[in-house]
Each structure stands twice: as structure tokens, then as C-alpha cells.
Amino acid sequence: MSLPPPSLRARITALTAATAVLAAVAVGYTVAAADGDGREPVSAAVPGLTLDQAPGLYHAARKGEVRSAPYSPSDGGKADGARSRDTGLSCDRFHASGRSAVCIARRPGPAQKAKVSVLDRELDTRRTVVVGGIPNRARVSPSGRMVAWTLFVSGDSYASSSFSTRSGILDTRTGYLIKNVETLQLYIEGRRYHAPDVNYWGITFADDDNRFYATVATKGKTYLVEGDMKTWKARTLRQNAECPSLSPDGTRIAFKKRVREGSQDPWRLHVLDLGTMRETPLAETRSVDDQAAWLDDSTLAYALPGRTRGTSDVWTVPAGTSATPPRLILNDASSPSMVQGGG
Amino acid sequence: MYLAVGRARPPDGPVPTGAPSPARPAGRRRLTGTVVALGAVSLVTDISSEMVTAVLPLYLVLGLGLSPLQFGFLDGLYNGVTAFVRLAGGHAADRWQRHRLVAGSGYALSTLCKLGLLLAGSSTPALSAALAADRVGKGVRTAPRDALISLNCDERDLGRAFGVHRAMDTTGAMLGPLVAFAVLWAAVDAYDAVFVVSFCFGLLGVLILFAFVPGRESASARAPGTAAATLGQTLRLFRVPAFRRILVTATLLGLAGVGDGFLYLVLQKRLALDAAYFPLLPLGSAAVYLLLAVPLGRAADRIGRRVPYLLGHVALLGVYVVLFSPVAGWPLTVLVLVLHGAFYAATDGVLMALGGPVVPADRRAGGMALLQTGQGVGRLLASVGFGAAWTLWGMDSALALAAVALGAVLVLARVLLPADPVSVTAREPS
């Protein structure tokens, strides 16, 4: 260095100028990014819009607004996104079935909180539960009585990028709330099992509102479990079957199976026949990280990442061995569920 | 602002005793501007990095739609890299005698990674590369930075200097998440804005470093004409008895620990805490750490650094005992967080103040890197061990085991640690 170091005053001046520039950049970018469409998670539906009045494919659109698009799985073709109706709800996850619907919306703020709203067919809020975590899965039982959800929670382990799951169940008829299903008595391959690293996710109910299926993970392995609400017990059915979804006729379970080690394209959708316990891979060969939804007894819907970063599209695939390829039915959508008109 | 010119810098060999030190002004001594500047750099940089840490889970899972599997898998791989990088950074700073440059490049690398995260999009390899580079930057800069603090400060003020630095560091760490959530509140779901603001803070930190912390122009730590410290000479630090004892003690105490993550986990389970409040527990400890860092650092200067260092670990032992006891609810939370924060305040900076003086100035960064790595590796193994003990024998047994181990090591440490910091100016290294 041949030049004498700049004087203290010069350095302070230069730094103040630099700070002003950086502050301007920071504030300017933030203001520009706030493009005015700051949608607060609202759970008040548009007055008058009910599930019966707007049957179709319910989904969460790009900014989280829940819409209903006219669609019929048997007709084929795409869902009519242009004629979809806005329910006024804003949710990260949404599912409607039977006489209820559930909406999970993240609440802004440093504490990771989310609000689970249980709605009736008139889309009026019947019950809200505030839970901690990032919304991941939401399901309503076929009758609409049982509502289940899963959230990601970080902080169970110190590495801030590792997660565990918190799954909860609400019985809307009795009002009984289970905030954490890890109290289940778990039987792995017939033996009672205890471990602190047990995680449950992806709960799906049968139409008796008692039997349910879920994924449990412990010590690096995942299992499909069948649970019983009355006895509060769960037993494993098989390994490597995640995010189960029970078909409307109750005979088959759609799930994602880990077919590849590593983090690139690990999953493949399969359907398990509960009678024969045989797995069938579906025609969708891409990796699907979603709890598939049965639109009817022969069609499954799921979300895949869309072309733009952060978006997803809804695709359908026949639930069995079929030559029919998967079909894109709706752009910029997630959380699909089929609602029929009438009661 | 004045630069403290303490005792004559020792060359890396036997040194004459009784080197005269300049007359000290009576009464309170002012803290070096350099130390305050380094504290400011850490404050601003920690705001930058904690902003990103706070929103990273949200960003990856909700913003990008990734599954935790995709990045958690690779995240664990990089823990081992940090130790090596820290040693490399310390040694490089010593060898070239350019502590500021090495530290600055570490800060700059971490700052660039914020932009890297923005540009990486959803690509898992790119994201993990950005996170890895961030970690490398963090590792490279810690030892040179701590060496800078110790070299720019009179030996008698080391405790207070490190206390001030750690306090400012923790302030930044606490402000970070608040700034992040303020940005997200102002611009809903705009994670790119968070990364840009974080980048601006990081860049500001680098600028403060180069503007206000003296670089090569300051008094060089080695006498002109002597060779730069080679790796072999740095490793020969193990032959300095005082240094060896401090290193072994720090490693053993690290091994007898439990790891922050598990500590909070046990606390959560005892409190049956709602998942939403998990992130607030470390904030509690950090607040206590912040308040106690400077007073305890000063105390370390007055009564010797050994005592606070040991007492800090007694506080940690207290945490285990309290977690074991029937105390519950608010008293439990307050006791654990206060004791845990006090543990950090009494040990984190104090270890550097303890170890600094026994390492010759031209190997300071390497020596400090060794201390940090020893402690870090000890803690890492302790975490793994505690996790295994928990899985095998249950939470209570594992905690009891940890408490017994820590108690035993504390007794040993009292014997191991040198009676007072043996400065290189007073005794020849053997």
C-alpha cells in the first residue's frame, strides 16, 4: 500500500454514504416487492357462496385464494379455470369432503403459527384451531366429521433446516381435539414400539370415521399404518408407503413410494389394493410429492411443480394400470378436491 | 480512538522477560476502536445471516415447494467441513499476516451467498452449494477475527473486549429474525426481498471491516526478518503446556455437553410447549447472554479467566440439574434460559481471552482456530452421543449421564487448567 490510509473523517463519510445507498436499495426493493397484493389469510367466505351452489374442482390458486372450477372427471378435458368462482377464502391447504371443509392458513409473524379453520357446507367457519408450524397436509373424512392436518415444525432439532411433523385430528361432532397424534400406541410388525423420533403425517380417514391410515417415520424408515380412533392404536401395514389417501369405495390406498435414493426425483405414485395387498405403479412416472386426492373411484389428482418457480399445476391420472397418460387439468393450482352439488 | 500498544510483540522463540509496558492511564480504560468496529461488523453480519436462517425453512418449503428431504439430506454433510475450514482460515491469516483480509473474504463470501440463494431458485444442488459456501465463509472468518480482537487489545482487557464483541454479535443475531419478519410483513411472501436486504446488511459489514479495522499497516505481529509461521510451527503449539492444557480442557468440556438443540428439545418436552414457540427459546438464552457478556468479561479480567470459565460450566451443570428436578412451568423456563445464557456469557468469549495470551502473536489465529475446533468437535461428538443415549436409554437417563460426565470433567478441569494465563512474555515455551 503506497497511499497513506484515508483519514478517519473520510472513512466515516464514505461509510455513511455507503450505508445510505444500501439502505435505499434494501427499502426500495422491499417496497417494490410489496406489489400491493398482500392478501391477509382470510377465512371469511364470500357471502352466499356455498359448496352446494358451486360444485366442481376446489383448489387453492396461485396466491392461495380458494376457487371452484367446473369439472367432471369422467368427461375428460381440463377444468374450466376461466369460469372458476372465488370463495373468498385464502388458504395454504384446503380440502372439502362430505359436510365439512378445512382451510389451513399461515399467520404472518416470527412465531410459526397457522390457523386451521373447519367450515361447513355453507362455508361458514364452525371451529378454528391455532397450531404451530408450516402447513403441509389437510384432509377431511368422507362424511365430513373428522378433520386431520399435518404441519412441518422446525426446532425439534437444532439444525434449522431439519423438520419434524405435527399431525392433529379434530372430531367435529364431539369437539374432541388431538393436537399431536404422537400419543398413538404404535405397533410395528406386531410389537409395541416407543421412540422419541416418531413422526406422523398424511392422515386419511375411512367412511366409518374411526379407521384411518397415515405415514409414520422412525429411525429412517417410513411405514403405512392403520389406526383406530376408539382404541387409539396404530399398527403398521407395510414399509415405504407415504402420504396415503383412501379411495371413496374404501378398497384402495393411493400413496407415494420411495423408488430412488437421494434427493432427485425420489417418489412414484402407487395404488395399494387393501384386499390383495398388491401395489400397482401408476401411469404418472414423474416424482410426485403430494397426498393424492381421489376425484372419483378411478381418478387421482395431485400437484406437480409448474413452469414458473413456486407455482404448481394439478394433474390427473387413472387409478390403476391403464394406457391413458396423466393429464394436466388446471394451471396454477394445488390442494384439489372434488365437491359434488346437492347434499 | 487509540490503538492499544501493549507489551512488545514476542517473536516466535524464547523471549526476554520483563519487557517494559507503557504506562497505563489510571481509572477506566477505553476500549479500542478496533474492537468496537469488529463488534459492529459482527452485529451487522449476524443480522444478515440470522435473517436468512429464520426464513429458510419457510422459503424452502412454502416458497419453493421443496420437501425437507431434499435439503436436509445434504445439510448434515457440511458440518465436518466447518472444522477444516476454520483451521485453514486461521493458518492462512497467520502465514500471510493478513488477518483482516482473510476474515474479510469470509464475510464477503457469506454475503455473496445471499445472492446465490436468490439466484439458485428451486435447484437443490445450487441451493446446497450456496449454503455450503455460506458455511465456508463463516468458518474461515472466525479465527482471524478473534485473533484481530486479541491482537488489538491489551492483554489485561481481553475479557472485556471479547465480552463486548460477543454482546454485539448476539444483538445482531437477535435482531436478524425481527428484520426478516418485518420485511415479510411489509411485502407478503417476498423471500427475494429478505435475501436482498440480507445482502445489503452483509455488504455493510464487509465495508465496516475494511474501513475501520486496521489491516496490514498496523504493527505486525512478528518482528521483521523472521519467517512466517508454517503449519508445522502452528502445530508445535501443542508443545506449549499451557496451550495444550487449555485445548484439552475445552475439548473435554465440549464432549461432556449435550448440545443446544437437545437442551431446548428436553425443555420443550418438559414444558409441553406449543410448537409455535420453539424459536423463542433460543432468543431467551441469547438475551441473557447479551446482558451478561460484558460484565462477566470484565470480571474475567479482574479475577482471572479460569474462574468464570469453570463457573460457566457449573451453570451448565445447573441447567441439567434443573431439567431433572420437579421444577415446572415458568420457573423452569426462566431458570434454564438464565443459566444457559450465563453459561455462554462466561465461557464463549472467555475461552478466547484465556487461550489468546498463551499463543504467540504470529500464530494467534491458528491457535484460536485450534481451540474453537477442539471445542466444536467435542460438542459435535457430544450431540451424537447424547442422541444415541436418548434413543437407547430414554431422555432422563441420558440427561443424568450428561450431568455426571460434566461434573467429572469439571473436577478434572479444575486441575488441568493452568492457574493463571501464562503469557508468552513471562515464560519460555518448552
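Just so it is clear, the model here is predicted, and its values are computed rather than measured. Sequence order as written defines the numbering, with residues in each chain counted from 1. Each chain is given a letter, starting from A, and each ligand a number, starting from 1, according to the order in which they appear as written. The predicted origin of the model limits local features to residues at a pLDDT of at least 70 and limits the giving and counting of side-chain atom pairs to 80 or more, whereas totals for whole chains, interfaces and linings rest on all residues. Processing note: side-chain calculations cover all non-hydrogen atoms of the structure and skip hydrogens and water entirely.

**Q** Teacher, can you tell me more about the overall build of chain B here?
**A** A run of DSSP states H or I qualifies as a helix once it reaches four residues; a run of E qualifies as a strand once it reaches two. Both are numbered from the N-terminal end. Broken down by element type, chain B carries 15 helices and 0 strands. When each of the 430 residues of chain B is scored for burial, the buried share is 57%. It only takes one pair of heavy atoms within 4.5 Å for two residues to be counted as in contact. Counted over contacts in chain B with a minimum sequence separation of 6, partners at least 24 positions apart contribute 86%. Three exposure classes are used, based on accessible area relative to the maximum for each residue type with a 1.4 Å probe and protein chains only: buried under 20%, partly exposed in between, and exposed over 50%.

**Q** Sorry if this is basic, but what is going on with the nonpolar core here?
**A** Looking at soluble globular proteins, one finds that nonpolar side chains tend to be buried together. Residues and elements named next belong to chain B. Put simply, a nonpolar core is a bunch of buried Ala, Val, Leu, Ile, Met, Phe, Trp, Tyr and Cys residues held in one set by side-chain atoms that sit within 4.5 Å of each other. Formed by 121 residues in total, the largest nonpolar core has its most connected members in L117, F243, L267, Y309, Y320, L323 and F386. The leading source of residues in this core is helix α1 (residues 33-63), at 14 residues. Leave out the neighbours within four places in its chain, and Y320 touches A256, G257, V258, L263, L399, A402, A403 and L406.

**Q** Please clarify how the side chain of S100(A) should be interpreted in this entry.
**A** Residues and elements named next belong to chain A. Looking at where S100 falls in the secondary structure, it is placed in strand β5 (residues 100-107). You can call S100 buried: its relative accessible area is 5%. Apart from the residues lying within four places of it in its own chain, the contact partners of S100 are L119, V140 and G144.

**Q** Please clarify how the confidence of the model for chain A should be interpreted in this entry.
**A** Low pLDDT marks regions whose predicted coordinates should not be analysed in detail. Put simply, chain A has an average pLDDT of 86, and 90% of its residues get 70 or more. Here residues 157-161 of chain A is modelled with pLDDT under 50, and outside its nearest four sequence neighbours on either side it reaches 11 contacts, counting other chains as well. Note: pLDDT gives the predictor's confidence per residue, expressed from 0 to 100.

**Q** So what exactly am I meant to see when it comes to the packing of helix α5 (residues 124-151) of chain B against helix α14 (residues 364-393) of chain B here?
**A** The relative placement of two packed helices is expressed as an angle between their axes plus a distance between the axes. Residues and elements named next belong to chain B. Fitting a line to C-alpha atoms yields each axis, with helices limited to the stretch in contact; the angle taken between N-to-C directions then spans 0 to 180 degrees. Running from N to C, α5 and α14 cross one another at 120°; their axes reach a closest spacing of 8 Å. With respect to their mutual orientation, α5 and α14 come out oblique. Crossing of α5 against α14: the hand is right-handed. Contact with α5, carried on its side by T142, A143, P144, D146, A147, S150 and L151, involves R364, A365, M368, A369 and Q372 of α14 and no other residues of that element. Residue classes follow a fixed rule: Ala, Val, Leu, Ile, Met, Phe, Trp, Tyr, Cys and Pro count as nonpolar, while Asp, Glu, Lys and Arg count as charged, and any other residue, Gly among them, counts as polar. Of the residues that constitute the contact of α5 with α14, the class distribution is 7 nonpolar, 3 polar and 2 charged. Under this scheme an angle from 65 to 115 degrees is roughly perpendicular, one under 35 degrees roughly parallel, and one over 145 degrees roughly antiparallel; angles in between are oblique. In a left-handed crossing the near helix is turned counterclockwise from the far helix by less than a right angle, and in a right-handed crossing that turn is clockwise.

**Q** I keep staring at the sheet that holds strand β26 (residues 333-339) of chain A and nothing clicks. Help me out?
**A** Strand pairing in a sheet is mediated by backbone hydrogen bonds. Such pairs are either parallel or antiparallel. All names here are of chain A. When DSSP locates at least two bridges between a pair of strands, those strands are taken to pair. Spatial strand order, β3-β2-β1-β26: 4 strands in an open sheet with antiparallel pairing. Strand pairing shows two members of the sheet lacking a second neighbour, β3 (85-90) and β26, which therefore form its edges. Taking the axes of each pair of neighbouring strands and ignoring which way they run, one obtains an average angle of 25° across the sheet.

**Q** What is the right way to read the packing of helix α4 (residues 99-120) of chain B against α5(B) from this model?
**A** Residues and elements named next belong to chain B. Look at α4 against α5: their axes get within 7 Å of each other, and the N-to-C directions meet at 155°. Considered as vectors, α4 and α5 are oriented roughly antiparallel to each other. Classified by chirality, the crossing of α5 by α4 is left-handed. For the contact of α4 with α5, the residue count by class is 18 nonpolar, 5 polar and 6 charged.

**Q** I keep staring at helix α1 (residues 8-33) of chain A and nothing clicks. Help me out?
**A** Since the α-helix turns once every 3.6 residues, residues separated by three or four places project in the same direction. Any helix carries an expected span of 1.5 Å times its number of residues minus one. For α1(A), spanning 26 residues, the distance from its first C-alpha to its last is 37 Å, which sits close to the expected 38 Å at 1.5 Å a residue. Along α1(A), the residues classified as buried are L15(A), L22(A), A26(A) and T30(A).

**Q** What exactly am I supposed to notice about the environment of G250(A) here?
**A** All names here are of chain A. For G250, the position within the fold is in the loop between β18 (242-246) and β19 (252-258). The exposure class assigned to G250 is partly exposed, which follows from its relative accessible area of 25%. C-alpha of G250 to C-alpha of S337: the two residues are 87 residues apart in sequence and 17 Å apart in space.

**Q** Please explain the state of the cysteines as it appears in this structure.
**A** Defined simply, a disulfide is a covalent bond joining two cysteines at their sulfur atoms. Pairs of cysteine sulfur atoms within 2.5 Å are what we label disulfides. All chains considered together, the criterion is met by 1 disulfide over all chains. Covalently, C91(A) is tied to C103(A) through a disulfide, its sulfur atoms 2.0 Å apart. A torsion of -110° about the S-S bond marks the disulfide between C91(A) and C103(A) as left-handed. Placement of the pair is C91(A) in the loop between β3 and β4 (93-97) and C103(A) in strand β5, with a sequence separation of 12 residues. Residue classification places C91(A) among the buried positions, given a relative accessible area of 3%. C200(B) takes part in no disulfide bond, and the closest cysteine sulfur to it belongs to C113(B), at a distance of 16 Å. For C200(B), a relative accessible area of 6% gives the class buried.

**Q** What is the right way to read the sheet that holds strand β16 (residues 221-228) of chain A from this model?
**A** Residues and elements named next belong to chain A. Spatially, the 6 strands line up as an open sheet ordered β13-β12-β17-β16-β15-β14, and their pairing is mixed. One side of each edge strand has no neighbouring strand; the edge strands of this open sheet are β13 (191-193) and β14 (199-205). Taken pair by pair, the neighbouring strands of this sheet meet at an average axis angle of 35°, ignoring direction.

**Q** It is not clear to me how the pattern of salt bridges should be interpreted in this structure. Could you clarify?
**A** When the charged atoms of two side chains lie near each other, side chains of opposite charge can form a pair. For this document, the term salt bridge refers to a Lys or Arg side-chain nitrogen within 4 Å of an Asp or Glu carboxyl oxygen. If you walk through the whole model with that rule in mind, you get 23 salt bridges over all chains. For K257(A), the salt bridge identified is with E279(A), shortest N-O distance 2.7 Å. Here E279(A) lies in strand β21 (residues 278-281) and K257(A) lies in strand β19, a separation of 22 residues in the sequence. Given the relative accessible area of 22%, E279(A) is considered partly exposed. Between R166(B) and D146(B) there is a salt bridge, with its nearest N and O atoms 3.1 Å apart. In this pair, R166(B) sits in helix α6 (residues 158-186) while D146(B) sits in helix α5, placing the two residues 20 residues apart along the sequence. Here the two residues R166(B) and D146(B) agree in accessibility, since each one is buried. What emerges from the salt-bridge pattern is a single network uniting R137(A), K256(A), D289(A) and D290(A).

**Q** It is not clear to me how the environment of L263(B) should be interpreted in this structure. Could you clarify?
**A** Residue and element names in this part refer to chain B. Relative to the helices and strands, L263 resides in helix α10 (residues 260-271). Distance from L263 to L371, taken between C-alpha atoms, is 23 Å for residues 108 residues apart in sequence. Apart from residues no more than four positions distant in its own chain, L263 is found in contact with V258, V319, Y320, L323 and H340.

**Q** Mind showing me how you'd approach helix α7 (residues 191-212) of chain B here?
**A** Between its terminal C-alpha atoms α7(B) stretches 32 Å, which fits the 32 Å expected from 22 residues at 1.5 Å a residue. Taken across its 22 residues, α7(B) has 17 buried, putting it largely inside the fold.

**Q** Sorry if this is basic, but what is going on with the packing of aromatic side chains here?
**A** The geometry of two aromatic rings is summed up by the distance between their centres and the angle between their planes. Residue and element names in this part refer to chain A. Planes of paired rings set the category: under 30 degrees apart is stacked, over 60 is edge-to-face and the rest tilted, where pairs are Phe, Tyr or Trp rings (Trp by its six-membered ring) whose centres lie within 6.5 Å. Scanning all chains against the criterion turns up 6 aromatic pairs over all chains. Pairing Y58 with F94 gives two aromatic rings, centres 5.9 Å apart and planes at 25°, and the pair type is stacked. Here Y58 is found in strand β1 (residues 56-61), whereas its partner F94 is found in strand β4, with 36 residues between them in sequence. This pair shows no difference in class: Y58 is buried, exactly as F94 is. Pairing F205 with F212 gives two aromatic rings, centres 5.4 Å apart and planes at 45°, and the pair type is tilted. Judged on exposure class, the residue F205 and its partner F212 are both buried.

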